[in-house]
Amino acid sequence: MSAGRGRLAAHLLLALRVFTAATIVAIGWLFLVVPAVGFLRGSRPRPELPAEPRQDPESRLERHGDIWHCHLAGLARDRGYACGVLTAPMMARHEGELFATLQDLVPWFPFRHLLLGVVNLGNRDLETHLWPDELQAIAGIARGYQAAGDPNAAVGPAFGRILGYHALHDVSQYLVDNPLVVAPQVGCSAVVVAGRRTVDGHVLVGRLFDFEGGRSFDFDKIVYTVAPAAEGELPRFCYLHVAWGGIHGAVTGCNEAGLWLSVNAAASDHIAFRGRPLVVAVARALETCRTIDEAVAQLTAAPVFVSESIVIATGRPAPGQPAAVCLELAPGHHHVRDARDDLLTVTNHFAHADWQQDQANRLRQQDGTTCARLARLQELVERPEPHSVASLAEVLRDRRGVGGVDLGFGHRSAINGWIGAHLVVADVTAGVLWVAEPEHGLGRMLAFDVHGPRPDLAAVPAAADAALFASTGRTWSERLSAARRLVQRRAPEAAIRCQELIDCNPGHYEPYALLALVTSERERAIELLRRAFACQPAYGAERREIEARLAALIGGR
């Protein structure tokens, strides 16, 4: 019997060793081999250019108020080279902050390594989705960045990094719902008004672009004016757009033909991990399209790999045609929603009726902030008085809830949660964009057209909230994060820090919910949770958590 038990123990020990070895091998494949394959497949040699790029004499970088203006002229490769040389300091800051942001969102190195490897694997044939002149422009940016010093050369070859950088918007969108990434949901808002809804009958567009990649995307935002040389058979229009350093792409812009395009992230059941970067596709449409129909046709032909709402407006609508549409675009699917009654509002879900059965879109509406912002946006723009550039700026700076409810500041359900990278209001008919100085759309708004700054046009004044942000709001996010960590550790000073947050921002829900976690008195905790719920938690998960905690406390009386 003892010999049998000994053999059984030996077999079990052998099985345990085999299982352990297999587990180690599996983990090695997952966290080392798979990312390594991704990095190898994602790397590529710098493409050869038909001629050595040069900086066109007209290309330049200048400061206008607290906003950078970069004018790029010439062939795509030369515009790219000039962009890389001129905006290299901004690119370096962007890269550094993106690395830091990734570490915050994915703190554990093995998961971060795996994530980067998988992203690189998905981007392995990214260049095949670009037109030759677009690829030349990105190669030119890489050469210009290298010529300017490239402080991050040790991270990887400049061309591969910058090529991936052009898919950053797309990749960040499909990572929002990834379980390895702890990231807030997006919060972009846009509105178009025209005809009787504006003071002069012009087509006005306002948009707030939220992107939390780092403060440099706000402080170092760039208004690009682009004068492309003739290249190929397509027409080439001058255009201007608001973006960041080192980019041959656009998320917010208008061309000399009076066509506006801007993007708002969305969600749908249709997912792909490879395709044409949306920012490049939007820049192409600005450069080559004259009408809404042309832009819709071009964008829907592109094999995109994320879901986006694209606002397309024209300052020269044909009789009987809408001044604006929202192209609700997903991989392999799209629907077009026309402006109605001279009004179009867009946040971060698809609103066309044909998306009703889409589960991801429905979850975005249930659990995100998109419906709350859309309702408030609709409420503010549907006023009897006609709108102006200044009034649309006021709408996009709003931080109250539906019905004017006080949400405090820094609330993600507000139109402006003080996380925006740029706020732009355009008179599309006149071809003029007013762009807000830092921070988060609260600064003065300065005028630009396709030729550059327009100092002859009056600036829109800074927001009334600018002083509050400077005195209290600027540190809010950091103080709230610090309070969360203290509560998680049950630190003795946690209650004091939570109460300080309540005192400085009594309309915000989260400090009440945090204080309830470290309050020993049941009745006090119930009171705090009720107050938190009354302050309208931003996300569905937060609402459900507060309700569950309340039920548990009340049931335990």
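Residues numbered from 1 in each chain as written. Predicted model: local features only at pLDDT ≥ 70, side-chain atom pairs only at ≥ 80, totals over all residues. Heavy atoms only, no water.

What follows concerns unusual backbone geometry. Here the bond from Pro438 into Glu439 is cis, since omega is 5°, no more than 30 degrees from zero. With respect to the helices, strands and loops of the structure, Glu439 is situated in the loop between β14 (432-436) and β15 (445-449). For Arg490, which is not glycine, the phi torsion reads 55° and is therefore positive. Locating Arg490 in the fold gives a position in the loop between α15 (476-489) and α16 (494-504). With phi around 65°, Gln536 is a residue other than glycine that occupies positive phi space. (Helix = DSSP H or I, 4+ residues; strand = E, 2+ residues; numbered from the N terminus.)

This part is about the nonpolar core. One finds Ile162, Tyr224, Trp244, Leu261, Ile310 and Ile312 to be the most contacted residues of the largest nonpolar core, which totals 64 residues. With eight residues, the top contributor of residues to this core is helix α9 (residues 278-288). With 31 residues, the next largest nonpolar core counts Phe469, Tyr512, Ala516 and Leu550 among its residues. (Core = buried A, V, L, I, M, F, W, Y, C linked by side-chain atoms within 4.5 Å. Buried < 20%, exposed > 50% of the residue type's maximum accessible area, 1.4 Å probe, protein only.)

In total, this model carries nine aromatic pairs according to the counting rule given. With a centroid separation of 6.1 Å and 20° between ring planes, the pair formed by Phe209 and Trp244 is classed as stacked. You can see Phe209 sitting in strand β4 (residues 204-210) and its partner Trp244 sitting in the loop between β6 (239-243) and β7 (252-255), a full 35 residues away along the chain. Note on accessibility: Phe209 and Trp244 belong to one class, buried. A ring pair is formed by Phe409 and Trp476, whose centres lie 5.5 Å apart and whose planes are at 75°; its orientation type is edge-to-face. Of this pair, Phe409 sits in the loop between α13 (389-396) and β13 (420-427) while Trp476 sits in helix α15, placing them 67 residues apart in sequence. One exposure class covers both Phe409 and Trp476, and it is buried. A network of ring pairs unites the aromatic residues Phe209, Phe211, Phe217 and Trp244 as a single cluster. (Phe/Tyr/Trp six-rings, centres within 6.5 Å; stacked < 30°, edge-to-face > 60°.)

A separate point is the pairing of strand β12 (residues 343-346). Residues Leu343 and Thr345 point to one face of β12 and Leu344 and Val346 to the other, with burial holding for every one of them. Of the strand pairs in this sheet, strand β3 (residues 189-193) and β12 are connected by four bridges, and their pairing is antiparallel. Paired with Val192 across the strands is Leu344, a residue of β12. (Pairing = 2+ DSSP bridges.)

Okay, the side chain of Thr314 next. In this structure, Thr314 sits in strand β9 (residues 308-314). Only 3.0 Å separates the side chain of Thr314 from the backbone nitrogen of Arg316, close enough to count as a polar contact. Apart from the residues within four sequence positions on either side, Thr314 is in contact with Val203, Gly258, Ile292, Pro322, Ala323 and Val428. (Polar contact = N/O pair within 3.5 Å; in protein donor to acceptor, adjacent residues only side chain to side chain. Contact = heavy atoms within 4.5 Å.)

With that settled, consider the sheet that holds β13. If you walk across this open sheet you meet the seven strands as β12-β3-β4-β13-β14-β15-β16, and the pairing is antiparallel. The open sheet has two edge strands, β12 and β16 (452-453), and neither has a second partner. Bridge count between β4 and β13: seven bridges; the pairing is antiparallel. Note on β13: the bridge partner recorded for Arg207 is Val424. Against the sheet, helix α12 (residues 370-381) makes contact with β3 and β12, and its axis sits at roughly 155° relative to β12, the strand it touches most. Set on the sheet, α13 makes contact with β3, β4, β13, β14 and β15; between it and β4 the angle comes to about 30°. (Axes fitted to C-alpha atoms, helices over the stretch in contact; angles between N-to-C directions.)

What follows is about the sheet that holds strand β8 (residues 259-265). The mixed open sheet is built from nine strands, whose spatial order is β1-β2-β5-β6-β7-β8-β9-β10-β11. With partners counted over all chains shown, the strands left at the sheet margins are β1 (60-64) and β11 (333-338), one partner each. Looking at each pair of strands side by side, their axes are set apart by 20° on average, direction ignored. The strands touched by helix α2 (residues 76-86) are β1, β2 (67-74) and β5 (222-228); relative to β2, the strand with the most contacts, the crossing angle is about 150°. Sheet strands in contact with helix α10 (residues 292-300) are β8, β9, β10 (324-330) and β11, and its direction is about 5° off that of β10.

This part takes up the side chain of Asp449. Looking at where Asp449 falls in the secondary structure, it is placed in strand β15. Given a relative accessible area of 13%, Asp449 falls into the buried group. For Asp449, the side chain forms a polar contact with the side chain of Arg454, separated by 3.1 Å. Among all residues touching Asp449, those that are not within four sequence positions of it are Thr225, Leu240, Gly431 and Arg454.

The buried fraction of helix α17 (residues 510-517) is high, at seven of eight residues. Among the residues of α17, those classed as buried are Glu510, Pro511, Tyr512, Ala513, Leu514, Leu515 and Ala516. Check the buried side of α17 and you find it contacts α15, α16, α18 (522-534) and α19 (540-555).

The next subject is the pattern of salt bridges. Close approach of charged atoms allows side chains of opposite charge to pair. For the structure on display, the rule yields 28 salt bridges. Here Asp218 makes a salt bridge to Lys221, at a shortest N to O gap of 2.7 Å. With a relative accessible area of 2%, Lys221 lands in the buried category. Salt-bridge contacts for Arg376 lead to Asp398; the nearest nitrogen and oxygen are separated by 2.9 Å. With Arg376 in helix α12 and Asp398 in the loop between α13 and β13, this residue pair connects regions lying 22 residues apart in the sequence. We classify Asp398 as buried; its relative accessible area is 12%. Because the salt bridges share partners, they merge into one network encompassing Arg79, Asp133, Glu134, Arg236, Arg276, Arg284 and Glu287. (Salt bridge = Lys/Arg side-chain N within 4 Å of Asp/Glu carboxyl O.)

The first and last C-alpha atoms of helix α5 (residues 132-147) sit 22 Å apart over 16 residues, in line with the 22 Å expected at 1.5 Å per residue. Within α5, 13 of the 16 residues are buried, which leaves it mostly tucked inside the rest of the structure. Positive backbone phi, approximately 125°, marks Gly149, located one or two places after α5. (Expected span 1.5 Å × (residues − 1).)

When pLDDT is averaged across the protein chain, the result is 89; 85% of the residues are at 70 or more. The model gives residues 27-31 a pLDDT under 50, and that stretch makes ten contacts with residues more than four places away or in other chains. Here residues 179-183 is modelled with pLDDT under 50, and outside its nearest four sequence neighbours on either side it reaches twelve contacts, counting other chains as well. (pLDDT = per-residue confidence, 0-100.)

Glancing now at the environment of Ile141. By the secondary structure assignment, Ile141 is in helix α5. For Ile141, a relative accessible area of 1% corresponds to the buried category. Linking Ile141 and Phe159, residues 18 residues apart in sequence, is a C-alpha distance of 8.1 Å. Ignoring any residue separated from it by four or fewer positions in sequence, one finds Ile141 in contact with Gly80, Tyr81, Cys83, Gly84, Met91, Ile162, His166, Gly246, Ile247 and His248.

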